[in-house]
Amino acid sequence: MKITVVLEAFVQTSYETYTHKYRTVDIEVPDDGNEWHVAGEMEALKDGKDI
C-alpha cells in the first residue's frame, strides 16, 4: 500500500526572512496486517546506504 506524506523545509528567502516550503511524496507501507505509522527519519551515509 502507498501513502502520501508531507515534507517541510524552512527556507531563507532574504537576509532576515524565512518561509516554509512543503512537498508531498508517496511511500510504500507494508501490507502485512500491522497498522504502520511514519515514526521519524533516517540519515543516509555518504555512500548512499542507510544507517
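Check the entry above for the structure.
Overview of the structure.

**Things to note about the layout of surface pockets**
Space inside the largest pocket adds up to approximately 170 Å³. Contributing to the lining of the largest pocket are Val5, Val6, Leu7, Val25, Ile27, Val38, Gly40 and Glu41. When contributions to the lining of the largest pocket are tallied by element, the ones reaching two or more residues are strand 1 (2-14) and strand 2 (17-28). Per-element accounting of the lining of the largest pocket gives the leading share, three residues, to strand 1. Partitioned by chemical class, the residues of the lining of the largest pocket number six nonpolar, one polar and one charged.

**Things to note about the packing of aromatic side chains**
This model, assessed by the stated rule, comprises one aromatic pair. With a centroid separation of 5.2 Å and an interplanar angle of 10°, the aromatic rings of Phe10 and Tyr18 are classed as stacked. Phe10 sits in the exposed class, given a relative accessible area of 56%.

**Some points on the environment of Asp31**
Within the secondary structure, Asp31 sits in the segment after strand 2. Note on Asp31: relative accessible area 73%, which makes it exposed. Taking the C-alpha atoms as reference points, Asp31 and Glu16, separated by 15 residues in sequence, lie 46 Å from one another.

**Structural notes on the pairing of strand 2**
Within strand 2, only zero of the twelve residues are buried, leaving the element largely exposed. Hairpin remark: strand 1 followed by strand 2, antiparallel, with two residues in the connecting loop.

Analysis parameters
- Throughout, a residue's number is its position along its own chain's written sequence, starting from 1.
- Local features in this predicted model are restricted to residues of pLDDT 70 or higher, and side-chain atom pairs are both shown and tallied only at a pLDDT of 80 or more, whereas totals for entire chains, interfaces and linings draw on every residue.
- Side-chain figures throughout are based on the complete set of non-hydrogen atoms in the structure, without hydrogens or water.
- A pocket here means an open set of points on a 1 Å grid, computed over the protein atoms alone, that has protein on both sides within 12 Å along at least five of seven lines. A cavity is instead a set of points where a 1.4 Å probe fits but cannot get out; residues with an atom within 4 Å of a point line either one.
- Grid points are joined across faces, edges and corners, and a volume is the space filled by probe spheres set on the points.
- Put simply, DSSP H or I for four residues or longer makes a helix, DSSP E for two residues or longer makes a strand, and each gets a number counted from the N terminus.
- As a working rule, the residues Ala, Val, Leu, Ile, Met, Phe, Trp, Tyr, Cys and Pro are called nonpolar, Asp, Glu, Lys and Arg charged, and the rest polar, with Gly in that last group.
- Centres within 6.5 Å make a pair out of two Phe, Tyr or Trp rings, where for Trp the six-membered ring is used; the pair is then stacked when the planes are under 30 degrees apart, edge-to-face when over 60, and tilted otherwise.
- Burial classes: relative accessible area under 20% of the type maximum marks a residue as buried, over 50% as exposed, and values in between as partly exposed (1.4 Å probe, protein chains only).
- Strand pairing is defined by DSSP finding a minimum of two bridges between the two strands.

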